[in-house]
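Chain by chain, the residues:
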Amino acid sequence: MGISREATEAGELMSYGTSIPDMFRQVGVYAGSIVKGARPSDLPVLQSTRFELSINLQTARTLGIAVPPVLLARADVVID
């Protein structure tokens, strides 16, 4: 179990964590605000709002783990 989809794509069983593209988008919005003259100390602290669940079925089969259909239905990414 981990926190990045990329690790699941590399063979990890599953991950649940912040959407990296969404996180970079938020950083871009922050940077844009600062470039336009906002003071960093005046900007609010942001927390992630989008999370991704990814499951690697090939790894699950190798480990002999049956992934429940309800979990597969909730997954954002299923790697087969």
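Residues numbered from 1 in each chain as written. Predicted model: local features only at pLDDT ≥ 70, side-chain atom pairs only at ≥ 80, totals over all residues. Heavy atoms only, no water.

Peer 1: What should I look at first to understand the overall build of the chain in this one?
Peer 2: Looking only at helices and strands, the chain features 4 helices and 3 strands. Sequence-ordered secondary structure for the chain, helices as α and strands as β, is α-β-α-β-α-α-β. For the chain, the C-alpha radius of gyration of 17 Å lies well beyond 12 Å, the compact-globule estimate for 80 residues. Counting only C-alpha atoms and orienting by the principal axes, one finds that the chain spans roughly 55 × 25 × 15 Å. Out of the 80 residues belonging to the chain, those deemed buried represent 28%. (Helix = DSSP H or I, 4+ residues; strand = E, 2+ residues; numbered from the N terminus. Rg over C-alpha atoms; globule rule 2.2 N^0.38 Å. Buried < 20%, exposed > 50% of the residue type's maximum accessible area, 1.4 Å probe, protein only.)

Peer 1: Could you clarify how one ought to interpret the pairing of strand S2 (residues 51-56) in this entry?
Peer 2: As a general feature of sheets, a regular strand has side chains that alternate between the two faces. Taking burial as the measure, the 6 residues of S2 include 5 buried ones, the bulk of the element. Sheet topology places strand S1 (residues 14-18) next to S2; 5 bridges connect them, and they run antiparallel. For Ser15, the partnering residue across the bridge sits in S2 and is Ser54. (Pairing = 2+ DSSP bridges.)

Peer 1: How should I be thinking about the environment of Val67 in this particular structure?
Peer 2: Turning to its location among the elements, Val67 is positioned in the loop between helix H3 (57-63) and helix H4 (69-74). Relative accessible area serves as the criterion here: at 16%, Val67 is assigned to the buried category. Separated by 29 residues in the primary sequence, Val67 and Ala38 place their C-alpha atoms 48 Å from one another. Apart from the residues within four sequence positions on either side, Val67 is in contact with Ile55, Leu57, Ala60 and Leu72. (Contact = heavy atoms within 4.5 Å.)

Peer 1: Teacher, can you tell me more about the side chain of Thr8 here?
Peer 2: Following the sequence through the fold, Thr8 ends up in helix H1 (residues 5-9). Within the local environment of Thr8, its side chain forms a polar contact with the side chain of Ser15, the two groups lying 2.9 Å apart. Excluding anything up to four places from it in sequence, Thr8 contacts Leu13, Met14, Ser15, Ser54, Ile55, Asn56 and Ile79. (Polar contact = N/O pair within 3.5 Å; in protein donor to acceptor, adjacent residues only side chain to side chain.)

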